[in-house]
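Each chain, written out:
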Amino acid sequence: MQRREFLYAALGAAATAWAAPPSFEIEEASLTDLLKRMGEGSLTAQSLTQRYLERIEAIDKHGPALNAVIEINTDAMSIAAALDAERKSKGVRGPLHGIPILIKDNIDTADRMMTTAGSLALEGSIAQRDAAVAEKLRAAGAVLLGKTNLSEWANFRSSHSTSGWSGRGGQTRNPYALDRNPCGSSSGSGAAVSANLCAVAIGTETDGSIVCPSSTNGIVGIKPTLGLVPTTGIIPISHSQDTAGPMARTVTDAAILLGALTGTDYTRSLDASGLRGARIGVARKKFFGFQEKTDELIEAALRDMKGQGAEIVDPADIPTAGEFDDAELQVLLYEFKTDLNAYLGALGPRAQVHSMQDVIDFNEKHRDKEMPYFGQDLMIKAQAKGPLTSKEYLDALKKDHKLSRDQGIDAVMRKLRLDALVAPTAGPGWCTDLINGDHIAGGSSTPAAVAGYPNINVPAGFAWGMPVGISFFGAAKTEPLLIKLAYAYEQATRHRKAPAFRATAEL
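Figured I'd write up the structure that's included with this text. (Residues numbered from 1 in each chain as written. Predicted model: local features only at pLDDT ≥ 70, side-chain atom pairs only at ≥ 80, totals over all residues. Heavy atoms only, no water.)

**Here's the deal with helix α9 (residues 251–262)**
Over its twelve residues, α9 runs 16 Å from end to end, which matches the ideal 16 Å to within 8%, given 1.5 Å per residue. The element α9 is largely enclosed, with a buried count of nine among its twelve residues. Within the span of α9, buried status applies to V251, D253, A254, A255, I256, L257, L258, G259 and L261. Phi turns positive, to about 85°, at G263, one or two residues after α9. (Helix = DSSP H or I, 4+ residues; strand = E, 2+ residues; numbered from the N terminus. Expected span 1.5 Å × (residues − 1). Buried < 20%, exposed > 50% of the residue type's maximum accessible area, 1.4 Å probe, protein only.)

Now the structure itself:
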């Protein structure tokens, strides 16, 4: 049997050798639903946490074995108990009080959980303090349930990687079709939310790592404006593009979670008639035509928005789309080296690695476990870069900002007087292929990612039983407006459906 045939046979056998998952009484429950039930006394933080832990055991570690959760917080039940006691004595802190949340394994938590970015080089690394995001979640009363698997080093180790795979965590599967990819790098967060392993989750994005797994896993994801959510304590790629953001089953839940991270009440933007009178531009150039079924779904979405009173401006192309991809890569390589060295250098003497070069050397030494499928060409290229005073870096950063902002998103929105741009987020999930790597046909995340502007994915329908999402993106700090538009579209269409954990797509 050829290696590829063996791989697919193994994936197929694993995907079919399980019984249907047990019924789950809180499946698809929203934050509002859960908070109401806790207020009524039919749920407590402890009982809710226990239910999610049992769900993780049943379908993430066994059954379909999604492999979305890389580590469970052994303190989760005691945290939940303390929050239940606080509810009785002092009342609730807010809409996240007692809510179990999963966070991506590149976000520091000062507890007994490791923070590794999926790498064996950081196995055993315990943060000395919470990342700012974790601090805010704890302050809001959330129960940190555990950490999610990811594309190792947030998918910036190799240009031939397989999304959702890490040396520490293995391969995460798509809950709609187990042989399909969940996209990345926030693969585990996307699959976990979709499969109801938690109420909501946190992902991170440099370019596409929140919105793509949100699209392929049939959920809502918000990539905020750069700087809106603090990134202190997150294993970095690029300070020019990195951000954390919410991943949820509904726009409402995503808005609530974003509010907890920023201190802003985004629920005020939840207006079911929010599309009425809005000018929506269709960014066709570079972002349509890569997958026929995806195009059909987005065309239907445009008709739906028009039916809700939106004015569709078509086309509304970003004039510079595709012209800054090379500059983006240069910026990421330079900043990855500088930013990762700063993070690793602060880990302390007990850490196995203290620099990017140490990680490269570790990977070579442990090639059988860390690089069985793909290498580390991006890390090697980053290590070869100089300081952030280098002319090559400064020129690339200037080009990025000029072409993505002034002559890109801002230019088309100003010229056509748009409220937002829309485009397909990504196509349906591709077959996971550890031998050849990812087969991503196309996507639209780059302009907003490079500009540092907000981007929201919302489910737009299904192709062969696989979710496809639409992106709403626009100018800096327009989260309230984008949430308003995304919510109105979601309420008018309601495409979200829970996954059935099929062995393969509906072919």
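Following the structure, the description resumes.
**Regarding the state of the cysteines**
Scanning the entire structure with this criterion turns up one disulfide. At a sulfur-sulfur separation of 1.9 Å, the disulfide partner of C183 is C212. Negative torsions about the S-S bond denote left-handed disulfides, and the value of about 105° found for C183 with C212 makes this one right-handed. On the criterion of sequence distance, the pair formed by C183 in the loop between β5 (170–171) and α7 (187–194) and C212 in helix α8 (residues 211–216) is long-range, its members being 29 residues apart. Residue C183 shares its accessibility class with C212, and that shared class is buried. (Disulfide = S-S within 2.5 Å.)

**Side note on the packing of aromatic side chains**
The final tally for this structure, using the stated rule, is seven aromatic pairs. Ring geometry for F156 against F336: centres 5.3 Å apart, planes inclined by 80°, an arrangement best described as edge-to-face. With a gap of 180 residues between them, F156 in the loop between α6 (152–155) and β4 (165–166) and F336 in helix α11 (residues 325–345) connect regions that are remote in the sequence. For the residue pair F156 and F336, the accessibility class agrees, reading buried in each case. An angle of 80° between the planes, with centres 5.3 Å apart, marks the rings of W165 and F374 as edge-to-face. Remark: F374 occurs in the loop between α13 (367–370) and α14 (377–383) and W165 occurs in strand β4; sequence separation between them is 209 residues. By relative accessible area, W165 is classed as buried at 7%. The lysine or arginine in question, R284, covers the ring of F288, its NZ or CZ lying 4.6 Å from the ring centre. (Phe/Tyr/Trp six-rings, centres within 6.5 Å; stacked < 30°, edge-to-face > 60°. Lys NZ or Arg CZ within 6 Å of the ring centre and 35° of its normal.)

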